[in-house]
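Descriptive structure summary
Each chain, written out:
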Amino acid sequence: MPRARTRPTSRDVAREAGVSQAAVSLVLGDKWRGRVSATTAERVREAARALGYRPNLAARNLRLGRTRTVLLVVPALTTEFFAGVYTGAARVASRHGFGVVLYPSPEGIGPARDPFASAQAALDGVIASSMAAEALTAIRGDQLPLVMLDSDPAAPGTTVNLDIADGVRQVAEHLLGLGHRHFLHLGADVPSWTFEVRARELEARLRRVPGTSLRTARSPISIKGAEAAAETALASGNGATAVVCDDDQLAAGVYKAARRLGLRVPSDLSVTGMDDLALATAIDPELTTVRLDAELFGERGMEALLAVLNGEPPSGTNIPVHLEVRGSTTRVP
C-alpha cells in the first residue's frame, strides 16, 4: 500500500529556496520588506508554490493571538456600489490571508447598528462606512483597530475617503460652463457625512457666481422616492434648468418626474448623478455623473487596516474621482 504523501513544511521550503526558516516566515507572513531582498522573497514564494506548501493558519493565528478576520460594515447590501467596496476589500484581504465578514445595516440604507457584542474576541479589525456613533463605540471598544470609509476625518480611527468635494466641484464647473444659473439639488435623505459634504460644497461653489440660485429637495435613495420629490420640487419651481443629484438612482427618478411634467432631458433640464452605476448608461439619454471607483475604495480601506494592524502609517490621500460627461447635460435652454 503506497505511503501517504507528507505535507510540506516551512523547513522544506527553506531547504528548497536555500534560505533560513526565519526568512520563509518573513516572506510568507508578508513582513520581508527591508529584511530580505526582493529576489530572495520571490525565490521563497516560488519554492512554496513548487512544493505546494500552505502555512498552518490556525497555528499561526493562535500564536499571534489573531483571528485574521475583518468586519466590513456597509449601509446596504442591495446597492451596486457597496458590492464593489466588498469586492475590493476581499481581494486585498485574501492576498494577506485575511477573511472579510460582511455586515449590512438591517434598515438597508442608513447608519449600521452594532452587529454583535463580542466583536473584540472574534475580529482583528473593522472597516466601516456611514456607521452610527454608538455602534462604532461598541464595536471598536478600547482595542479594536478601525478604518472609516467615506466618513468625517475627525471621527475616531483612520479614515479613507473618496474626493467627493472635488467631484461636486467638477459637476458645478461643468454646469456653470454650460450657462446654467438656476439649480435644484436633489439630496439623499440619509444622515451621513458624505451627503453633507455634497450639499455644502455645491452651495459654496454656486455662491461665488453672481446670479445663481439653488433650491434643495430631499429624497430617500430610491427611484420611486426621487421621482415624487423631484416632481414636487420642479412643479413648484425656481426655474431650475439643472438638477444635481446625490446618487444615480435619484437622477433616474428625476428623468421620470421630468417626463411626467412634459420636460425633456437635456433640452429643458440638465441632470447629473454621482457614483457611475451601471444604471447611468442604461437610461436614455446616458447620465452625466461622477465616477466613484468602489473597488479601489474597498482596496484602499483594507490596505489602511492592514497598515494599522502592522503598526505602520496608512496613506492619508483622498481617492480621485472623475466626471463622466454624457448625454444628460447640455447648454442652458
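Placed above this text is the structure.
Residues numbered from 1 in each chain as written. Predicted model: local features only at pLDDT ≥ 70, side-chain atom pairs only at ≥ 80, totals over all residues. Heavy atoms only, no water.

1. Quick word on the overall build of the protein chain
Across its full length, the protein chain carries 13 helices and 11 strands. Per-residue burial over the protein chain gives 49% buried out of 333 residues. Contacts spanning at least 24 positions in sequence make up 71% of the contacts within the protein chain whose residues lie at least 6 apart. Summing over all exposed atoms, the protein chain offers an accessible surface of approximately 16,000 Å²; the carbon and sulfur share of this is 51%. (Helix = DSSP H or I, 4+ residues; strand = E, 2+ residues; numbered from the N terminus. Buried < 20%, exposed > 50% of the residue type's maximum accessible area, 1.4 Å probe, protein only. Contact = heavy atoms within 4.5 Å. Areas by Shrake-Rupley, 256 points an atom, 1.4 Å probe, with all protein chains shown as cover.)

2. Describing the packing of aromatic side chains
Tallied over the entire structure, the rule returns two aromatic pairs. Ring geometry for F81 against F82: centres 5.2 Å apart, planes inclined by 85°, an arrangement best described as edge-to-face. In terms of burial, F81 and F82 fall into one category: buried. Ring plane angle 50° and centroid distance 6.2 Å describe the contact between F81 and F297, whose orientation is recorded as tilted. Of the two residues, F81 sits in helix α5 (residues 80-95) while F297 sits in helix α13 (residues 294-309), which places them 216 residues apart along the sequence. Overall, F297 belongs to the buried group, its relative accessible area being 0%. (Phe/Tyr/Trp six-rings, centres within 6.5 Å; stacked < 30°, edge-to-face > 60°.)

3. With respect to the packing of α5 against α13
The packing of two helices is summarised by the inter-axis angle and the distance between the axes. Two elements in contact, α5 and α13, have axes separated by 6 Å at closest approach and are oriented at 45°. Classed by the angle they form, the pair α5 and α13 counts as oblique. When you trace α5 past α13, the crossing you get is right-handed. Residues F81, G84, V85, T87, G88, A89, R91, V92 and A93 of α5 form the contact with α13, whose own contacting residues are A294, E295, F297, G298, E299, M302, E303 and L306. Looking at the contact of α5 with α13 residue by residue, the classes come out as nine nonpolar, four polar and four charged. (Axes fitted to C-alpha atoms, helices over the stretch in contact; angles between N-to-C directions. Parallel < 35°, antiparallel > 145°, perpendicular 65-115°, else oblique. Left-handed = near helix turned anticlockwise from the far one by under 90°. Nonpolar A, V, L, I, M, F, W, Y, C, P; charged D, E, K, R; others polar.)

By themselves, these figures tell us nothing about what the structure is for.
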